[in-house]
Amino acid sequence: MIFLDYTLDWSVVTDRWHQFVAGAWVDLWVAVIGFALACALGLGNALLRTSGARIFTVPAFLYVQVMRGVPLYVMVVWVYFGIANVIGVNFTAFQAAVIALALTGSGYTTEIFRAGLNAVDKGQMEAARSIGLSRARTYTHVILPQAFRIVVPPLGNTFIGLLKGATIMAVIAVPDMVFLANELNVTLFRPFEVFTAVAVILIVMVLFFSALVYLLERRLRTA
Amino acid sequence: MTALFLTYSYDWSVIPKSIAFFEIGLAVTVRIALLSVAFSLVLGLLVALVRMTPGPIGVIGFIYVQVFRALSLYVYILFIYFGIAAVFHLDFDPITAGVIALTLLNSAYMSEIYRAAIQAIDPGQREAARSLGLGSIGTFVNVVFPQAWRIAIPSLVNQFTDIIKDSSIVALIGAPDLMYQTTERVSFYQRPFEFYTTVAGIYLVLVVIVAQLATHLEKRLQRHLV
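Every value quoted in this text rests on a predicted model; they were computed, and no experiment measured them.

Each value, and the rule that gives it
Residues numbered from 1 in each chain as written. Chains lettered and ligands numbered in written order. Predicted model: local features only at pLDDT ≥ 70, side-chain atom pairs only at ≥ 80, totals over all residues. Helix = DSSP H or I, 4+ residues; strand = E, 2+ residues; numbered from the N terminus. Rg over C-alpha atoms; globule rule 2.2 N^0.38 Å. Buried ≥ 20, exposed ≤ 12 C-beta atoms within 10 Å, placed from the backbone. Contact = placed C-beta atoms within 7 Å. Axes fitted to C-alpha atoms, helices over the stretch in contact; angles between N-to-C directions. Parallel < 35°, antiparallel > 145°, perpendicular 65-115°, else oblique. Left-handed = near helix turned anticlockwise from the far one by under 90°. Nonpolar A, V, L, I, M, F, W, Y, C, P; charged D, E, K, R; others polar. pLDDT = per-residue confidence, 0-100. Expected span 1.5 Å × (residues − 1). Bend = angle between axes of the 7 residues up to and from the residue. Core = buried A, V, L, I, M, F, W, Y, C linked by C-beta atoms within 7 Å.

A. A look at the overall build of chain A. Helix and strand counts for chain A come out as 9 helices and 0 strands. Element order for chain A, N to C, with α for helix and β for strand: α-α-α-α-α-α-α-α-α. Taking 17 Å as the expected radius of gyration for a compact globule of 223 residues, we find that chain A reaches 21 Å, considerably beyond that expectation. If one aligns the C-alpha atoms of chain A with their principal axes, the spans along those axes are about 75 × 50 × 30 Å. For chain A, with 223 residues in total, the buried portion stands at 42%. Counted over contacts in chain A with a minimum sequence separation of 6, partners at least 24 positions apart contribute 76%.

The structure is reproduced here in structure tokens:
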């Protein structure tokens, strides 16, 4: 009945499946690079946040609130149009997307690393220091390896969040799968087929990484 | 770096000139967020109950949660506003499409919050209620849910902050929300930095207010536990 005058034509997708895969790769890559940067920023910021000195903890706290409080979409256009305009740097859309994901992600990773660092027993730091390890070596050899186990599952979930979030970069014309689908929608008017394809690819990617996080979590718990 | 900053002359005067637009947009954003949170609270609870039913019905709930959580709001909106609309010849207005998308996504998240809260209730509560002669529905409505609700509320309110932030994406299909108004003003004045910084600030304030509310509620609801 209502279906009658819309005949599904999946050839729009099947003829171009390699383009969809290439687009999905772009999403994945932007998410991976953004996540790696978010982890580096987050770890540094978490160390400041747990340093105990107010000149570090207060800005680190405010940083987290701002990064987590601003929508990713706003962050993307702020970096791509706003910041670029002010500092006179022309980011490519790809760079802007990575920076926005790294900034937003770092708000979340900071809190994850902070919780991980706090969860390591204080006695570990005292013991390592009393046997003569320097502060830096205590962190790299004693505290961080233990904190690592605690942070892996929530970091995995942050990555999944960033992967989902990466799809928004189509709005600044990064040629990802959503951008491709938008183009095909306009040129061929096959919205249902192309957006279903995008949705299915995203679901498959997210479920794959969710399963991975789940397995990793179980493994780390039993170890 | 300083030199780079100096070449840009800021013009913040465009912001006060645009207050009326921000107000209109803010009202739409708040409306979308409130409608979505109300619908997701109800749908999320239903999904949690389905998910906790033993047997194949529970599996349906499980699949709903896994699949509906796995999409980004942007993909949801495109799929509903263009895809579903074309097939079923539905003429969604952008706000409706946005509320549907936000509800589907967040009901999946919220159902997991409800489930965790319901499972946190001591089974002895249920057994005691049943042995007093309450039916299974009566037990849930009068004994289990009122306790689970207290546990769930802070996380549910936090979910509300995500709804507010995600709602900015409805601007892309033309819902006249806060972000849409901002983008319009950006094209009018060509002042992306000033406008996007301001709108980031407004979202931040909204999110902080709601997060404060969550902390406040948490303290209040768990007063009896201290």
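B. A look at the overall build of chain B. Along the backbone of chain B there are 10 helices and 0 strands. Walking chain B from its N terminus toward its C terminus, one meets helices and strands in the order α-α-α-α-α-α-α-α-α-α. For 226 residues, the compact-globule estimate of 2.2 N^0.38 gives 17 Å, and chain B exceeds it by more than 25% at 22 Å. Seen through its principal axes, chain B has C-alpha atoms that stretch 75 × 50 × 30 Å. When burial is assessed residue by residue, chain B has 41% of its 226 residues classed as buried.

C. Representation of the interface of chain A and chain B. With 36 residues of chain A in contact, the opposing surface of chain B contributes 35 residues. Contributing elements (two or more residues each) for the side of chain A that touches chain B: α3 (54-69), α4 (72-87), α7 (135-166), α8 (177-188) and α9 (191-222) of chain A.

D. Representation of the packing of α3 of chain A against helix α5 (residues 93-119) of chain A. Residues and elements named next belong to chain A. Two numbers describe how α3 lies on α5: the axes approach to 8 Å, and their chain directions differ by 130°. In terms of orientation, α3 lies oblique with respect to α5. For the element pair α3 and α5, the recorded crossing hand is left-handed. Contact with α3, carried on its side by V64, M67 and R68, involves L103, T104, S106, G107, Y108, T110 and E111 of α5 and no other residues of that element. Of the residues contributing to the contact of α3 with α5, the split by class is 4 nonpolar, 4 polar and 2 charged.

E. Quick peek at the packing of helix α9 (residues 178-189) of chain B against helix α10 (residues 192-221) of chain B. Residue and element names in this part refer to chain B. Contact geometry of α9 with α10 gives a least axis separation of 9 Å together with a crossing angle of 165°. As far as their axial angle goes, α10 and α9 are roughly antiparallel. You can see that α9 and α10 cross each other, and the crossing is right-handed. On α10, the residues that touch L178, M179, T182, R185 and V186 of α9 are P192, F195, Y196, V199 and I202.

F. A look at the environment of V32 of chain A. Its place among the elements puts V32 of chain A in helix α2 (residues 17-49). In this structure the C-alpha to C-alpha distance between V32 of chain A and G44 of chain A, which are 12 residues apart in sequence, comes to 19 Å.

G. Structural context of unusual backbone geometry. For A173 of chain A, which is not glycine, the phi dihedral falls at a positive 65°. Of note, A173 of chain A is situated in the loop between α7 and α8. For Q190 of chain B, which is not glycine, the phi torsion reads 55° and is therefore positive. The topology assignment puts Q190 of chain B in the loop between α9 and α10.

H. Region of the structure containing the confidence of the model for chain B. Residue and element names in this part refer to chain B. Put simply, chain B has an average pLDDT of 92, and 96% of its residues get 70 or more. Averaged pLDDT values over the elements of chain B bottom out at 53 in helix α1 (residues 2-6) and peak at 97 in helix α3 (residues 19-51). Scored by ipTM, the complex comes to 0.91, with pTM at 0.91.

I. Broad picture of α5 of chain A. Residue and element names in this part refer to chain A. Between the first and last C-alpha of α5 there are 39 Å, a value that for 27 residues agrees with the 39 Å anticipated at 1.5 Å per step. At S106, α5 shows its maximal kink, close to 35°. Burial analysis of α5 places 20 of its 27 residues in the buried class, which makes it a mostly covered element.

J. Looking closely at α3 of chain A. If you check α3 of chain A, its first and last C-alpha atoms are 22 Å apart, about what 16 residues at 1.5 Å a residue would give, namely 22 Å. Restricting attention to buried positions, one finds in α3 of chain A the residues V64, M67, R68 and G69 of chain A.

K. Main features of the nonpolar core. Ranked by internal contacts, the top residues of the largest apolar core, which has 124 residues, are V74, V76 and V198 of chain A together with I77 of chain B. Contact partners of I77 of chain B, with chain neighbours within four places excluded, come to A97, G98, A101, I169, V170, L172 and I173 of chain B.

L. Inspection of the environment of V26 of chain A at higher detail. Residue and element names in this part refer to chain A. When you line up the elements, V26 lands in helix α2. Classification of V26 by C-beta neighbours within 10 Å gives buried; the count is 21. Here the alpha-carbon distance between V26 and M177, two residues 151 residues apart in the chain, equals 7.6 Å.

M. Region of the structure containing the environment of F140 of chain B. In this structure, F140 of chain B sits in helix α8 (residues 136-166). Along the chain, F140 of chain B and R126 of chain B lie 14 residues apart, while their C-alpha atoms are 7.9 Å from each other.

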